[in-house]
Amino acid sequence: MSKKSDVFGKPMKVINIGLETFYHSLKEQGVTAAHVEWKPPAGGNDKLLAILDKMK
Amino acid sequence: MITKNFIRSNTYYDSVTLMMISSKLSAIDGVENAAVMMGSEYNKQLMSDSGLLLEEHMNATPNDMIIGVVAANDEAAAAVQKAVEEALEEKNNQSAAGDIKSKTLEGASRRLQGANFAVVSLPGRYAAREVDKALDHDLNVLLFSDNISVEDEIRLKDKAIGKGLLMMGPDCGTAIINGVSLGFANKVNRGNIGIVAASGTGLQEVSVIVHKAGFGISHAIGTGGRDLKPEVGGRMMLVGLEALSEDQDTDVIVIVTKPPGVEVMKKILLKASMISKPIIGCFLGGDPQLLEESNVVYAKTLEDAGVMAVQVARGEIPRSEWDQDRKQKLEDIATQEKLKYDNQQKYIRGLYSGGTLTYEAMLLGKDMLGTINTNIKMDGTTFLINVEKSYGHTFLDMGDDYFTDGRPHPMIDPRLRLQRMESEIDDPEVAVISFDILLGYGSHEDPAGALLPAIRKAKLKERPITFIATICGTDGDSQGLETQKAKLEDLGVIVMNSNAEASRLALMLV
């Protein structure tokens, strides 16, 4: 069951997660944007992360 | 020489930020080698292999920032630590008022009411989780990351499709939606030509050709490089075609991809048959016969695709503009250039930053050149035994994983390509060096300038080499198309108007 995309024609509001250079490009274009200062979850501990994921 | 490590815990910076800082450290007096990286398993192994990570720090975590340095003495090592900290301080201070920053996607979504897009460029092992969250928040996604499993790609695309969202990727570096460039893209006119592409630089080349003809792009949707493989089945390609067919601003649709397998091609042509808008299909080496029964118009090259889309938008019958006149002009240039070579000079070395541009150059050359050696897979070409050493006619995609392992893409950091160019000019059998210059958002601020040292060195040699370039860029790109072109032409580089044209000229010289 799929819905139709309705993103065209709407004002772009973009969340950037990862390389900051992409956030800067968005700002250069005057786009309303937010940057997520991302860090590896669970302190980078993959075993802990797997447990946390199972809990969701 | 001494080896020292400086660790900052709970300090995360993205890979490109750290790589750009790393690139400046070896220039410090007394430093033999230095790098700053986050402590992921992969990075620790890289650093350890380079002798930059001491045994006692092998337990660093992905949240730890590690500075590794091999230097003549403690003072030099301390200078490296200081340089890194100053660079990061400067970067932190660049944050302007009005920057919206958050520690989590959830937080960003609360602060940015009505957010409708997420651009995700995290290490592969973490990216799928964030895309899941983004889709849960009803965000369309551009997923730049690679190293994501096919299973995750399928699951995320199906989730997106169920919610009416785009999930462009993985390994998707380029899109233009509602006039906004996402990832790497050029500044192009808005207009009535839509693109759906499984290729970043293919999308860029077509969009630039459309722009130069005075037309524009409604939307350019990237599908990710693996979308047309049998397992993924063209999921995002089909969504993209549907979306452009319904979009009131799109009058002409262009498809850009390498040839898909039989089943996926059938699905694309079936979808196309239900679309009343004209569709141009550039399948880069695909059999034109496959399109004969369909309503999709065959375009052999990226240039043809852009040119034909513009013709159709004008109400004309689409046809390639690669004609006898243009061929003759290039042959005249070739005749003059060839007079300069000595008897040994007979090979082309193609050094590309765009994967699809490499692919297109090889497609045009493969029937004419006999053996083509390369680092990418294409039927009818030979995989280089040693990628470090060119042999005969060699075409390299320097954005391929081999070259970008632990290093930024050549569109961001031109140094590796410059080094390679310098080694090619020392080979007495080289007649031609052809290359691409990619402008636009996300790209290096002066990609042409960065290669000039090699071109200058070549000019000092008695044996002349012909440099041929294609610039994928527009007057609106911050690097400045005309400035970039002038820099190259001032040193005798022949700058062509498309990758296809540049490739064709190169072939005439050998």
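Conventions we followed
- The numbering scheme is per chain: residues are counted from 1 as the chain's sequence reads.
- Think of it this way: whatever chain is written first is A, whatever ligand is written first is 1, and the rest follow in order.
- Under the rules for a predicted model, residues below a pLDDT of 70 receive no local features and side-chain atom pairs below 80 are neither given nor counted, while totals for whole chains, interfaces and linings still include all residues.
- Placing C-beta atoms from the backbone, we regard two residues as in contact once those atoms come within 7 Å.
- Note on conventions: DSSP H or I runs of at least 4 residues are helices, E runs of at least 2 residues are strands, and numbering of each starts at the N terminus.
- By the convention adopted, Pro, Cys, Tyr, Trp, Phe, Met, Ile, Leu, Val and Ala count as nonpolar, Lys, Arg, Asp and Glu as charged, and the other residues, Gly among them, as polar.
- DSSP-based pairing: two strands are paired if at least 2 bridges between them are found.
- Where helices are involved, their axes are fitted lines through C-alpha atoms of the stretch in contact, as for all axes, and angles between N-to-C directions lie from 0 to 180°.
- Note that the term roughly parallel is reserved for angles under 35 degrees, roughly antiparallel for angles over 145, roughly perpendicular for angles of 65 to 115, and oblique for everything else.
- The predictor reports its confidence for every residue as pLDDT, a score running from 0 up to 100.

Q: Sorry, what's going on with the interface of chain B and chain A here?
A: A common way to state how big an interface is: give the accessible area lost once the parts meet. The interface of chain B with chain A comprises 50 residues on the first partner and 35 residues on the second. Mapped onto the side of chain B that touches chain A, the elements with two or more residues apiece are α1 (15-22), β4 (100-102), α4 (105-111), β5 (117-121), α5 (124-136), α6 (150-163), β9 (180-183) and α8 (235-246) of chain B. With five residues, β5 of chain B is the single largest residue contributor to the side of chain B that touches chain A. Of the residues belonging to the side of chain B that touches chain A, the class tally is 24 nonpolar, 17 polar and nine charged. Here strand β1 (residues 13-18) of chain A runs beside β5 of chain B; their pairing, made up of five bridges, is parallel.

Q: Explain the sheet that holds strand β16 (residues 372-374) of chain B to me, please; I cannot follow it from the model alone.
A: The pairing of strands in a sheet comes from backbone hydrogen bonds and takes either a parallel or an antiparallel form. Residues and elements named next belong to chain B. An order of β17-β16-β18-β15-β19-β20-β21 is seen for the seven strands of this open sheet, with the pairing classed as parallel. Looking at strand neighbours, the two that pair on one side only are β17 (382-383) and β21 (494-496), the edges of this open sheet. Note: strand β15 (residues 347-352) against strand β19 (residues 430-438), five bridges, orientation parallel. Residue Y347 lies in a different strand from β19, and its bridge partner there is V430. Against the sheet, helix α13 (residues 355-369) touches β15, β16, β18 (393-397) and β19, its axis set at about 160° to β18.

Q: How do you make sense of the sheet that holds strand β1 (residues 2-8) of chain B when you look at a structure like this?
A: All names here are of chain B. Within the open sheet, the three strands sit side by side as β1-β3-β2. Their pairing is antiparallel. Edge strands, defined here as strands with exactly one partner in the open sheet, are β1 and β2 (31-38). Direction aside, neighbouring strands of the sheet carry axes that sit 10° apart on average. As paired strands, β2 and strand β3 (residues 65-71) are joined by seven bridges and run antiparallel to one another. The partner of V31 across the bridge, within β3, is A71. Lying on the sheet, helix α3 (residues 74-93) is in contact with β1, β2 and β3; it crosses β3 at an angle near 145°.

Q: In this structure, what is going on with the packing of helix α15 (residues 415-424) of chain B against helix α16 (residues 447-460) of chain B? I would like to understand it.
A: For any two helices packed against each other, one specifies the inter-axial angle together with the distance between the axes. All names here are of chain B. Their axes nearest at 9 Å, the elements α15 and α16 cross at an angle of 10°. Judged by the inter-axis angle, α15 sits roughly parallel to α16. Along its contact with α15, which presents L418, M421 and E422, the element α16 presents A450, L451, P453, A454 and K457. In terms of residue class, the contact of α15 with α16 is built from six nonpolar, no polar and two charged.

Q: Quick question: what am I supposed to make of the confidence of the model for chain B here?
A: In low-pLDDT regions, the fine details of the predicted coordinates are not to be read closely. Per-residue confidence for chain B gives a mean pLDDT of 95; residues scoring 70 or more make up 100%. This prediction of the complex comes with two scores: 0.92 for pTM and 0.91 for ipTM.

Q: Would you mind going over the packing of α8 of chain B against helix α9 (residues 262-273) of chain B with me for this structure?
A: Residues and elements named next belong to chain B. Close contact between α8 and α9 brings their axes to 10 Å; oriented N to C, the two are set at 10°. In terms of orientation, α8 lies roughly parallel with respect to α9. Here α8 contributes M237, L238 and L241 to the contact with α9, which in turn contributes K267, I268, K271 and A272. Of the residues that constitute the contact of α8 with α9, the class distribution is five nonpolar, no polar and two charged.

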